[in-house]
Amino acid sequence: MAISVKELIEQKEKIEGNKKILYDIETSIGTITVKQPDASFVADILKLDGANELMILDNVVEPNLKDKDLQKAYNCVEPTDIVGKLFKAGEIGNIATAIMKCAGYESLEAKVHEEIKN
């Protein structure tokens, strides 16, 4: 049965709170904490070269990959350079995909609404 407008109104705080949940991802450098990317950010970066690096740089909240001291210690020219210096090449895409999944960018299960009667 489909959710009603009344139920959506009653669940407003819960639904809005779900968008602020943080997630932990195990990586080669240890556990990182990520936030969910918002729709406009995803739409903007998906068409860019280096989208995975941007996804990681912008959505990892701990450790702070934008930290100037960290960037300097790893001799980063561009802020996104830190991603390649910290993570294995093969895991960069997997981390970006995991971040996208946290925001619901994955397949959802759909069922036939009503069975066709013979």
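Each remark here, short or long, concerns the structure printed above.
It should be emphasised that the depicted structure is a prediction, and the values quoted were computed from it without experimental measurement.

Conventions adopted
- Residues numbered from 1 in each chain as written.
- Predicted model: local features only at pLDDT ≥ 70, side-chain atom pairs only at ≥ 80, totals over all residues.
- Heavy atoms only, no water.
- Pairing = 2+ DSSP bridges.
- Helix = DSSP H or I, 4+ residues; strand = E, 2+ residues; numbered from the N terminus.
- Core = buried A, V, L, I, M, F, W, Y, C linked by side-chain atoms within 4.5 Å.
- Buried < 20%, exposed > 50% of the residue type's maximum accessible area, 1.4 Å probe, protein only.
- Contact = heavy atoms within 4.5 Å.

**Brief notes about the pairing of strand β2 (residues 30–34)**
- Pairing between strand β1 (residues 23–27) and β2: five bridges, direction antiparallel. Counterpart to glutamate 26 in the pairing with β2 is threonine 31.
- Taking the residues that link successive antiparallel strands as the turn, the β1-β2 hairpin has two residues.
- Bridge analysis of β2 against strand β3 (residues 60–62) gives two bridges, and the strand direction is antiparallel. Considered in β3, the bridge of valine 34 is made with valine 60.

**Some words on the environment of leucine 86**
- Position of leucine 86 relative to the elements: it lies in helix α6 (residues 81–86).
- Residues leucine 86 and threonine 27 lie 59 residues apart in sequence; the distance between their C-alpha atoms is 9.8 Å.

**A look at the nonpolar core**
- Within the largest apolar cluster, 23 residues are counted, with the highest numbers of intra-cluster contacts made by Met55, Ile56, Leu65 and Phe87.
- The set of elements that each furnish at least two residues to this core consists of β2, α3 (39–45), α4 (51–59), α6 and α7 (89–102).
- Of all the elements, α7 adds the most residues to this core, at six residues.
- Excluding anything up to four places from it in sequence, phenylalanine 87 contacts Thr27, Ser28, Ile29, Ile32, Ile56, Leu65, Ile92 and Ile95.

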